[in-house]
Structures are given as structure tokens and as C-alpha cells.
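# Reading the structure
Each chain, written out:
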Amino acid sequence: MPGAVVEAWRPGAPQADHAVVWAPPQQFIDEQPALKGIFNIGAGVDGLMKLKLPRQALVVRIDDGGMAVQMAEFVCHAVIRHFRELDVYEAEIGQGQWSHRKPQRRSEFPVGVMGLGVLGERVARAVAQFEFPVRGWSRSPRQVPGVQCFAGPAQFDEFLAGTRVLVCLLPLTAETRDIMNARNLSRLLPGGYVINVARGAQLVDDDLIALLDSGHLAGAALDVFRTEPLPAEHPFWRHPKITITPHTSARTLRDETIAQIAGKIQALERGEPIAGVVDVERGY
Ligand code: NDP
Ligand code: OXD
């Protein structure tokens, strides 16, 4: 952006027109009351929604920016690793064991994706390519080819009751905090599997462990946690049915992100509308 003055923020810095942020402190926002745009360098804006923001500022999230394909490959890998029991084969091969497991039926592994937005829809379409039955749940009704869609609280239990592999791609809001709790997870089909790639605060950790230990759930692949990095003493590190990764399912890609934000700032300065503006009332 030739002509723009770009500075790293420090307390007392001069007023900016636009900010590029990830989980900034309230002090930053308070010292920049005239911001026109606050550009989040990620898709999830929960870190910003906790703050008191200037009324006039548009809050803008990264709109795909190369994250959707990463999320699709990560979730497909997790689903297939579990379905094909590749974790079991890995362990057996590690012990010098050559054996075969009985193939499982794809029709018995319906995958349910919570959140059919920029990332969730891409994930649901990608999983459907492997011929798993795919279900999706969103706040407002959606139509996605190859995906049986459900919407709103009224259809949530029906969505869960037909789901075996549950994928969370919801934004963290007051409505979705703790949504993967004992009540909801116990509604999944027996042998359920949980893939959380959204936010740690959507999963009740102790409820997951209790359902894994009781045998109702078969396992979980978790990429996000209530506290990150995951504290050393947390049971998720060592639970035999839990696979963890360090919040890496869809990384913010520097070049794509810079290009997207620069393009949007220029569009705003020309008075044009942009995509990815967050509805602050809704929280995502
Ligand atoms: P979007 O805002 O594009 O989509 C959100 C989806 O969730 C929409 O379909 C929306 O419904 C649905 N939704 C929101 N609230 C509810 C609710 N109360 N009940 C039912 N459905 C609801 O988000 P993205 O797809 O871009 O991203 C999703 C989340 O993924 C981010 O918020 C972030 O937390 C997480 N993320 C994690 C990453 C990682 O590396 N682990 C990387 C990037 C993002 P509707 O369609 O009706 O609006
Ligand atoms: C995001 C993230 O929200 O990286 O983009 O989690």
C-alpha cells in the first residue's frame, strides 16, 4: 500500500484510520477512538467481541484467505484417520504387528458439521466427496448440495441424533459457548467422535472425558482449547482416545491475508462495500 503509513502500535501512538489486529488489549481500542476499520487477522472474532469497540468502526474478519482448503484437508484427514482406524494400524505397526481390521461401513459414519459458514460449508462439501452421509447445522436455513441441512435450536436434537462424527465450526458466541456438553454429546449416535476445530470454550472438557470413559464416545480430535497453549497438566495431553494438535487446523497465511486486508482498506477508502464485515450484535 504505497502512500500508507504503517506502524506497529505502542501506547500513545498517533491516531490511525485502520487497525490490523489479533486479540488486542482494550487500551489499544480506547486510544484509537477514530478507527474506521478494525481488521482481524483470523476468521474468529471472539477476541474482539469481548472489547468495547468504537461504534463507527467496521469489524472485518478474514474471509477464507486460504483457510477453507486447509480446514477441509484437516477435517477430512481426522474423519478418515478415525474411520479407517489408521491410528490403530500405526500403533500395531509400531509394535511389529501385521494384522487387518474388519472394514467399517461408511453409511454408519454420518458426519455432522456445526456451522455452515465460510469454513463449515467447505468442510461439509469436502467430506461429502468421500461419500460419507453429511449433515450440517446453522443458525439460519442453508442449502448445500450433498448435505442434509438443519437450522436453529428447534432442529438441533434431530441433527445430533443422526450424527456420529461431530465437527465444530461455529463461532464462539454466548449461544455456542459450552455447546458440546454432556446433554448434547450424549445425543450423538453410539461410538461418536468429536472434532473441534473452532474454539475450546465450546467444549466442556470434563463432559467429553466422562463420555469417552463411559464408552459412549469413541474418541476426539481437538485442535483448540480453553487455555492455549494447553497446560502441561491437562488430561487431554495423555488421554488415549484424544488426539490433540496445537491450533493449527487452518493457519492465517501471511501473503493472502495481507493482500485481502490491503484490498479491503483500499475499497473502503473508495467508499465501496466489502465482504467479511462482522455483525457485532450477532457476534460473528
Ligand atoms: P462464519 O461466520 O462464516 O460461519 C459461522 C457459521 O456458524 C454460520 O453457518 C452460522 O449460521 C453458524 N452459527 C453461528 N451461530 C450459530 C448458532 N447459535 N446456532 C447454529 N449455527 C450458528 O465462520 P467461519 O466458517 O469462517 O469460521 C468458523 C469458526 O472457525 C471461527 O469463528 C473460528 O472460531 C474458527 N476458526 C478456527 C481456526 C483454527 O485454526 N482452529 C481457524 C479459523 C477459524 P448462519 O449461516 O445462519 O449465519
Ligand atoms: C482464526 C483462528 O479464527 O486462527 O482464524 O483461529
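Residues numbered from 1 in each chain as written. Chains lettered and ligands numbered in written order. Predicted model: local features only at pLDDT ≥ 70, side-chain atom pairs only at ≥ 80, totals over all residues. Heavy atoms only, no water.

This brings us to the site of ligand 1. Around ligand 1, 31 residues are found, and the nearest of them are R61, L119, S140, R142 and Y284. Between ligand 1 and V118 there is a distance of 3.0 Å, counted from an oxygen atom to a backbone nitrogen or oxygen. R142 places a polar side-chain atom, nitrogen or oxygen, 2.6 Å from an oxygen atom of ligand 1. Taking 950 Å² as the accessible area of ligand 1 by itself, protein coverage stands at 94%. Of the pockets mapped on this structure, ligand 1 occupies the largest pocket. Where the shell around ligand 1 is concerned, the elements lending two or more residues are α3 (67-83), α5 (118-129) and β5 (134-138). At three residues, α5 tops the list of elements feeding residues into the shell around ligand 1. Of the residues assigned to the shell around ligand 1, the class counts are 15 nonpolar, nine polar and seven charged. (Near = heavy atom within 4 Å. Polar contact = N/O pair within 3.5 Å; in protein donor to acceptor, adjacent residues only side chain to side chain. Areas by Shrake-Rupley, 256 points an atom, 1.4 Å probe, with all protein chains shown as cover. 1 Å grid on protein atoms, 1.4 Å probe; cavity = no way out; pocket = protein on both sides within 12 Å on 5 of 7 lines; lining within 4 Å. Sits in = over half its atoms within 2 Å of the grid points. Helix = DSSP H or I, 4+ residues; strand = E, 2+ residues; numbered from the N terminus. Nonpolar A, V, L, I, M, F, W, Y, C, P; charged D, E, K, R; others polar.)

Reported here for the largest pocket is a volume of approximately 1,200 Å³. In this structure, the largest pocket is lined by 47 residues; those nearest its centre are A43, L169, L170, P171 and Y284. Listed by contribution, the elements that provide at least two residues to the lining of the largest pocket are α3, α5 and β5. The element contributing the most residues to the lining of the largest pocket is α5, with three residues. The class makeup of the residues in the lining of the largest pocket is 24 nonpolar, 14 polar and nine charged. Size it by volume and the second largest pocket reaches roughly 870 Å³. What lines the second largest pocket is a set of 30 residues, among which V5, V6, E7, H18 and V20 lie closest to the centre. If you tally residues by element for the lining of the second largest pocket, the top one is helix α9 (residues 254-269), at seven residues. Residue classes in the lining of the second largest pocket are distributed as 21 nonpolar, five polar and four charged. (Points joined across faces, edges and corners; volume = space filled by probe spheres on them.)

Below, the discussion takes up α5. Taking 1.5 Å of rise per residue, the twelve residues of α5 would be expected to cover 16 Å, and the 18 Å separating its terminal C-alpha atoms lies within 8% of that figure. Turning to α5, the residues buried within the fold contact α3, β4 (111-114), β5 and β6 (147-151). Phi for E131, located one or two positions after α5, is positive at around 70°. (Expected span 1.5 Å × (residues − 1). Contact = heavy atoms within 4.5 Å.)

Per the counting criterion, the structure on display carries eight aromatic pairs. Both rings, one in F150 and one in F159, keep their centres 5.9 Å apart while their planes meet at 65°; by these two values the pair is edge-to-face. The pair formed by F150 and F159 is uniform in burial state, with each residue classed as buried. Aromatic pair F225 and F236: ring centres 6.3 Å apart, planes at 55°, arrangement tilted. Placement of the pair is F225 in the loop between β9 (217-222) and β10 (242-244) and F236 in the loop between β9 and β10, with a sequence separation of eleven residues. (Phe/Tyr/Trp six-rings, centres within 6.5 Å; stacked < 30°, edge-to-face > 60°. Buried < 20%, exposed > 50% of the residue type's maximum accessible area, 1.4 Å probe, protein only.)

Take the site of ligand 2 next. In the vicinity of ligand 2, the residues found are W22, G42, A43, G44, M67, R199 and H247. Contact distances for ligand 2 include 2.7 Å between an oxygen atom and a backbone N or O atom of G44. A distance of 2.8 Å separates an oxygen atom of ligand 2 from a polar atom in the side chain of R199. Considered on its own, ligand 2 offers 210 Å² of accessible surface; in the complex 86% of this is hidden by protein. More than half of the atoms belonging to ligand 2 lie within 2 Å of the grid points that define the largest pocket. Its residues placed into classes, the shell around ligand 2 shows three nonpolar, three polar and one charged.

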